[in-house]
Amino acid sequence: FLQILGAEAGNLALKCLATGGVYVAGGIPPRLMKVIGEGGELKAAFLREECRYKDVRAGYPLHIILNDKIGLAGAKVYAMRQLR
C-alpha cells in the first residue's frame, strides 16, 4: 500500500509541478505512521530512483497530514468565506 501511495504522490508532484509539496491526508496515513516512519517505503516510492525525473522529484517535499478531520476544517473555512 505504501509503495503505491508513494508512487502516486510522486506522479502527482510531477503532473502538477508541486513546488510547495504533496500533502497526503485522510484516515489511513495517520494510522500507519509507525510503519511509514520505520521503513521509508513511502518516501522511497515517492522519489523512485529509477525515474528519469528523480532530481525534479527530490525538490518536492512530501507531507503527511495527521489530522483526520482536515477535510472538515477546510470545508468550514470555505463556508465562512462564502458567508462574508
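Residues numbered from 1 in each chain as written. Predicted model: local features only at pLDDT ≥ 70, side-chain atom pairs only at ≥ 80, totals over all residues. Heavy atoms only, no water.

## Points about the overall build of the protein
Okay, so step 1: The helix and strand inventory of the protein stands at six helices and two strands.
Okay, so step 2: Written out in order from the N terminus, the α and β elements of the protein read α-β-α-α-α-α-β-α.
Okay, so step 3: Counting only C-alpha atoms and orienting by the principal axes, one finds that the protein spans roughly 50 × 30 × 15 Å.
Okay, so step 4: In the protein, which comprises 84 residues, the share counted as buried stands at 23%. (Helix = DSSP H or I, 4+ residues; strand = E, 2+ residues; numbered from the N terminus. Buried < 20%, exposed > 50% of the residue type's maximum accessible area, 1.4 Å probe, protein only.)

## A word on the confidence of the model for the protein
Okay, so step 1: When pLDDT is averaged across the protein, the result is 89; 99% of the residues are at 70 or more.
Okay, so step 2: By mean pLDDT, helix 3 (residues 33–39) is the weakest element of the protein at 81, and helix 6 (residues 70–83) is the strongest at 94. (pLDDT = per-residue confidence, 0-100.)

## Remarks on the pattern of salt bridges
Okay, so step 1: All chains considered together, the criterion is met by one salt bridge.
Okay, so step 2: Among the ionic pairs, K54 bridges to E49, the shortest N-O distance being 3.6 Å.
Okay, so step 3: A residue is classified by how much of its surface remains accessible, and E49, at 56% relative accessible area, is exposed. (Salt bridge = Lys/Arg side-chain N within 4 Å of Asp/Glu carboxyl O.)

## Describing helix 1 (residues 2–16)
Okay, so step 1: Helix length check: helix 1, at 15 residues, gives a terminal C-alpha distance of 21 Å against a target of 21 Å (1.5 Å per residue), a fit within 8%.
Okay, so step 2: Along helix 1, the positions that sit buried rather than exposed are L2, G6, A7, A9, G10 and A13. The buried residues of helix 1 occupy an angular sector of 160° when the element is viewed end-on, so they sit on one face. Of the residues in helix 1, the exposed ones pointing more than 90 degrees away from the buried face are I4, K15 and C16. (Expected span 1.5 Å × (residues − 1). Arc of directions from axis to C-beta.)

## What about helix 6?
Okay, so step 1: The end-to-end C-alpha distance of helix 6, which contains 14 residues, comes to 20 Å, matching closely the 20 Å that a straight helix rising 1.5 Å per residue would cover.
Okay, so step 2: With respect to burial, helix 6 is a largely exposed element, only zero of its 14 residues being buried.

## Points about the side chain of R57
Okay, so step 1: Examined against the element boundaries, R57 turns out to sit in helix 5 (residues 54–58).
Okay, so step 2: Put simply, R57 is tucked away with no salt bridge, and the nearest opposite charge, on E50, sits 7.3 Å away.
Okay, so step 3: A polar contact is formed between the side chain of R57 and the side chain of N11, at a distance of 2.8 Å. (Lys, Arg positive; Asp, Glu negative; His and termini not counted. Polar contact = N/O pair within 3.5 Å; in protein donor to acceptor, adjacent residues only side chain to side chain.)

## Quick word on the nonpolar core
Okay, so step 1: Within the largest apolar cluster, eleven residues are counted, these being L2, A9, A13, A18, V22, V24, I36, L42, F46, Y60 and L62.
Okay, so step 2: Secondary-structure elements contributing two or more residues to this core are helix 1, strand 1 (22–24) and helix 4 (41–47).
Okay, so step 3: The leading source of residues in this core is helix 1, at three residues.
Okay, so step 4: When residues no more than four places from it in sequence are discounted, the contact partners of Y60 are A13, L14, L17, A18, T19 and F46. (Core = buried A, V, L, I, M, F, W, Y, C linked by side-chain atoms within 4.5 Å. Contact = heavy atoms within 4.5 Å.)

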